[in-house]
Every structure is written in structure tokens, then in C-alpha cells.
Amino acid sequence: MLSIEDNKLVTDTDPGTPMGDLFRRFWLPVALSEELPGPDCAPVRVTALGEDLIAFRDTEGRVGLLDAYCTHRGAPLFFGRNEENGLRCIYHGWKFDYTGQCIDMPNAPEGPSFKRKVKADAYPVVEAGDLIWAYMGPADKKPPFPEFPWTRLPKSHRYVTKFRLECNYLQAMEGDYDPTHARFLHSTFLAPNETQNMQVGTFYRSPSNRGFGSSDPNEEYPKAVGDRRITERNAPYAKIEDYDAAVLSISQMNQSNGSYQASVGVTWWMPVFCTAGNAMPGHLSSNMRVPIDNESLMFYRLRWSWNPISEADLAEYKTGGWTHPEMIPGTWKTKDNVTNDYNLDRLAQRNMSYSGIKTFPLQDIAMMENQWGPIAKRHREHLASSDYQIIHIRRRLLKAAKDLANGVEPSEPWRPEIYRMHRETATGATEQEAIDKARELALTDLLAKHEEVAAPAIRV
């Protein structure tokens, strides 16, 4: 459990708060590139970390991210005219370029000289991986852009979309490194079909075996896709380790020849980047949950591959209804949502799936959005040893925020190479040697092994 005070600290990302200041030391996605489809297109509203912003693409294709309200008298720039390399407020005609600089002030006699002194609040932007990223912290603390490999691959190698959730970022994110929920929440009473036989499989329960912990010694344990089996009620957990900007997941086993084998991969990067998720075979996952405010978030859901994603797999992601939920047209809201109880089907819950909720991520979302309300009351929790990753990452975030509040800047944003880490396996004469070798391999920039893939330039 967390104290009421620590729970408020870790969940509050508004401007001027310890956690808000910490988040503002990192590059975060704030929109999809497709929301600004071309030069001089319509501007879009963006709310991130409790701040109302406006994004627009100018005549040269550059993206500006400004305060949503005109510096003159607070008129909303969403209604502005995007024209000739600037966004013009329709109230009095003041115009701002993509850096926020006022470049025209037609209603003021002192405009020619005064405009140079007027600048809207604006944030640096990077466009990479089909996302628009912003750095919202102090200008003199701006770090390099993180080296996620998928941001340097062609568009054909990834599928990313977003949807809005009505809860705090932390309870949504914590489901990604909760090691025991999948065998319950995501299990099914029907043999999984080919679509559901994915990288992070769906646990299958036969109709005669619908619960865990039975006293019947002859009862089968549930089987998981890919011939994985749950053989113990208390399965062994992977070891976790802090490593610069990441938390690593480490597993090891003895070899028959007396050596050791270790597997090392990333569970989470500071502050909101997770690697969990259901994906088609050969694809990798990333979940990024960026606070809109303290009671809502934008969920960026990415699936990517070192090879181009096939048309069939892309169609499954877009319309298959398993890995990505159906959206309400013209919105970033899921059709099944908190207002309609996610269209929970009690008949399906009894006979087909453990949850009765159709789409894989919505099974998680139903738990996240209704966890003691939009901000979970963590002082009421009763945590178990299986929650060790959740406990660890909470402590990591709290320490970083408290350190920053005491004047100690985070080092993590300045280790961009850590964000390219991936899972690797190695052997060694000792357990530690195997872990060290696997960790070193996991830092390798795999783009060097994929020379045939042209890495597009990241646009700043």
C-alpha cells in the first residue's frame, strides 16, 4: 500500500508538482502524426500533463505546439487560421509561428516593433515513429531524443494508434507489469483461434477446469497458447533490476553442462514506456500512457516489427477486434467503454471467456478505469509478493520525483541509448556472467544488423 500523501505525489502530474516536473524532463508523445495530415491543415487540440495546447503544421510542414490560448486576450487558437507559416487568431488577427513567436499584430499601431517582444508559450517538438513528441520542461534541461529503434524504421514496419481512458496514468500502466493477472483476466474457455495465438498468449481453461486452486489432485492446470503450462499455483517470478532509465526483467536457468543461461529484457522505461501487450507472431509491443490530466490519459498502442507488417496482420490490428478495440467514429473513445460497462456479456462470461469482455485491451481497461475510481485509493490495498514489480516501479518513480523536488536532476533522460534495449539470451560460466553478457547484448543497436532497412530522419 501507499500512504495517501505518496499516492497523491505519484499520481499528480500537473504543472509545478514533483511528478509533473519529473515527467517534463522526458520526451513524451502528445499526438499522432496523422492528426496533422499536411501543411496548413486544421490545428488540433492537445491536452497533456494538465496543460491545454494547440498543435498545427505550418506551410513548410513543421509542427508547432503552443499554449491553446492567444497571448493577447486568451482567445482559443483552435479556431485560428493556419496560413503562410503561422497560426492566426481570428479574434484580433495576431499570428504566431511554430516556435510561438508573434509575427504579425495587425490591430495594434505598435505592432511592427511590439510583436518581437510577444511570444506564446511553445514546446520543442520531434516527429518520429508516426508520433508527435514534445519536451515540456525547462529549456536548459532538454535531453536528447530517446533511441527507440521503431522510431527509426519505415512506416511499413509499425502500426500505432491511440485511445482515451478515464483514469490516472499509473493504474493503467501498472497492469503491464502485473505478472499474474493474465492467467485469469485474459483466459478463455474456448480453444484460442489463430489470431489469438499471439506473442503474449491467451490462457486456455477447459470447460471442466474453470478455477485455480482446486483441491482435486486430478484436475488439469490451465494450458497457455504455445504449449506453455501453469504447473504451480505460485509460479517463479523473474528477477528485476534497475538499469539506468529502465527496469530489466531477468530469468536464468542451469544448463546440463554446468554453465548458466540468462535472458534479459526491458519491462519498463522511465517514465511511461512499457513493453507488454498482445502482438502477432514476430511483432513487438509498446504501450505509452501519457496523462491528459490526473483523471484521464491518452493510451498510445504500438505494434512493430523489424520486417514490414503484412497486409493481413495490419488488417487484424485495424479491424480484427482482438488486439485493438473498435472506436466511436470521429473520436478517440472506444465503442465499449466505462459508460456502457464495456458491453460485458454475462453469457459469454459463463461459457466462452473468463471476463465476458471481447477485446483484449478492454479486459484490462475495465479493471483500470474502475479501480476505486479514476485515481486508485492505494492506501486501501493489500499487496502480495506477486506485486513485486508494481511495488518496485512505484518506489522508483517516487524516489525520482522526490529527488528532483530536492534539486537532484534525473539522469535517465540523458541515457537515450537505453531506450533501444531489447531481449537477449546468453550463457556464462557463472550466473552473473551470463546476466552481464545478456545485458550487454540487449544494448546492441539492432539497426546495424538490418542495413537493408533505411532509417528515416527524425524531424525536429
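Calculation rules
- Residues numbered from 1 in each chain as written.
- Predicted model: local features only at pLDDT ≥ 70, side-chain atom pairs only at ≥ 80, totals over all residues.
- Heavy atoms only, no water.
- Axes fitted to C-alpha atoms, helices over the stretch in contact; angles between N-to-C directions.
- Helix = DSSP H or I, 4+ residues; strand = E, 2+ residues; numbered from the N terminus.
- Parallel < 35°, antiparallel > 145°, perpendicular 65-115°, else oblique.
- Contact = heavy atoms within 4.5 Å.
- Nonpolar A, V, L, I, M, F, W, Y, C, P; charged D, E, K, R; others polar.
- Core = buried A, V, L, I, M, F, W, Y, C linked by side-chain atoms within 4.5 Å.
- Buried < 20%, exposed > 50% of the residue type's maximum accessible area, 1.4 Å probe, protein only.
- Phe/Tyr/Trp six-rings, centres within 6.5 Å; stacked < 30°, edge-to-face > 60°.
- Lys NZ or Arg CZ within 6 Å of the ring centre and 35° of its normal.
- Pairing = 2+ DSSP bridges.
- Disulfide = S-S within 2.5 Å.

Draft legend 1. Representation of the packing of helix α1 (residues 4-11) against helix α9 (residues 388-405). It is at 10 Å that the axes of α1 and α9 come closest, and there the two elements cross at 80°. Looking at the two axes, α1 sits roughly perpendicular to α9. Touching D6, L9 and V10 of α1 are L397, L398, A401 and K402, all from α9. Residue composition of the contact of α1 with α9, by class: 5 nonpolar, no polar and 2 charged.

Draft legend 2. Representation of the nonpolar core in the model. In this structure, W133 and L397 are the most contacted members of the largest nonpolar core, which totals 83 residues. Among the elements that make up this core, the one with the highest residue count is α9 (8 residues). Among residues more than four places away in sequence, those in contact with L397 are V10, M19, L22, Y169, L170, M173, W268, M270 and P271.

Draft legend 3. Fine view of the side chain of T161. Tracing the backbone shows T161 in strand β11 (residues 158-165). T161 has contacts with L32, F299, Y300, R301 and H324, leaving out every residue within four places of it along the chain.

Draft legend 4. Examining the packing of aromatic side chains more closely. As enumerated under the stated definition, the model contains 19 aromatic pairs in all. Ring centres 5.1 Å apart and planes at 85° place the aromatic pair W133 and F145 in the edge-to-face group. In this pair, W133 is assigned in strand β10 (residues 131-135) and F145 in the loop between β10 and β11, connecting sequence segments 12 residues apart. A relative accessible area of 15% means that F145 is categorised as buried. Consider the rings of W269 and Y419, whose centres lie 6.1 Å apart with planes at 25°: the pair is stacked. Here the residue W269 occupies a position in strand β17 (residues 260-269), and Y419 occupies one in the loop between α9 and β21 (424-428), the gap between them amounting to 150 residues. When sorted by exposure, W269 lands in the same class as Y419, which is buried. Taken together, the aromatic side chains of W27, W133, Y135, F145, F148, W150, W269, F273 and Y419 make up a single cluster linked through ring pairs. One residue, R45, lies across the ring of F78, its end atom 3.7 Å from the ring centre. If you follow R289 out to its NZ or CZ, it ends over the ring of F299, 4.3 Å from the centre.

Draft legend 5. Representation of the pairing of strand β19 (residues 284-293) in the model. Burial within β19 is extensive, with 8 of its 10 residues counted as buried. Both strand β18 (residues 273-274) and β19 contribute to a ladder of 2 bridges, which runs antiparallel. What sits directly across from F273, in β19, is M288. Inspection of the sheet shows β19 paired to strand β20 (residues 296-304) by 9 bridges, in the antiparallel sense. In the strand pairing of β20, P291 is matched with L297. Between β19 and β20, which pair antiparallel in sequence order, lie 2 residues.

Draft legend 6. Structural view of the pairing of β10. Summarising burial for β10: 5 of the 5 residues are buried, a large majority. Covered by surrounding structure in β10 are L131, W133 and Y135 together with I132 and A134, the residues of both alternating faces. Examined bridge by bridge, strand β1 (residues 27-32) and β10 share 5 bridges and lie antiparallel to one another. Counted as the bridge partner of L28 is A134 from β10. Of the strand pairs in this sheet, strand β9 (residues 125-128) and β10 are connected by 4 bridges, and their pairing is antiparallel. Residue V125 lies in a different strand from β10, and its bridge partner there is A134. Linking β9 back to β10 in an antiparallel pair, the connection comprises 2 residues, with G129 at a positive phi of about 65°.

Draft legend 7. Representation of the sheet that holds β1 in the model. Pairing within the open sheet is antiparallel, and its 3 strands lie in the order β1-β10-β9. Lying at the two open borders of the sheet, with one neighbouring strand each, are β1 and β9. Within this sheet the neighbouring strands show an average axis-to-axis angle of 35°, counted without direction.

Draft legend 8. Representation of the state of the cysteines within the structure. Tallied over the full model, the rule gives 0 disulfides. There is no disulfide at C102, and the cysteine sulfur nearest it, in C70, is 7.6 Å away.

Draft legend 9. Geometry of the sheet that holds strand β2 (residues 44-48). As summarised here, the arrangement of the 3 strands in space is β2-β3-β4, forming an open sheet in which the pairing is antiparallel. The outermost strands of the open sheet, each flanked by one partner alone, are β2 and β4 (63-67). Along the sheet, successive strands turn relative to each other by an average axial angle of 35°, direction set aside. In this sheet, β4 lies alongside strand β3 (residues 51-57) in antiparallel orientation, the contact comprising 5 bridges. Bridging across to β4, R57 finds its partner in V63.

Spatial relationships are all this shows, so hold off on functional conclusions.
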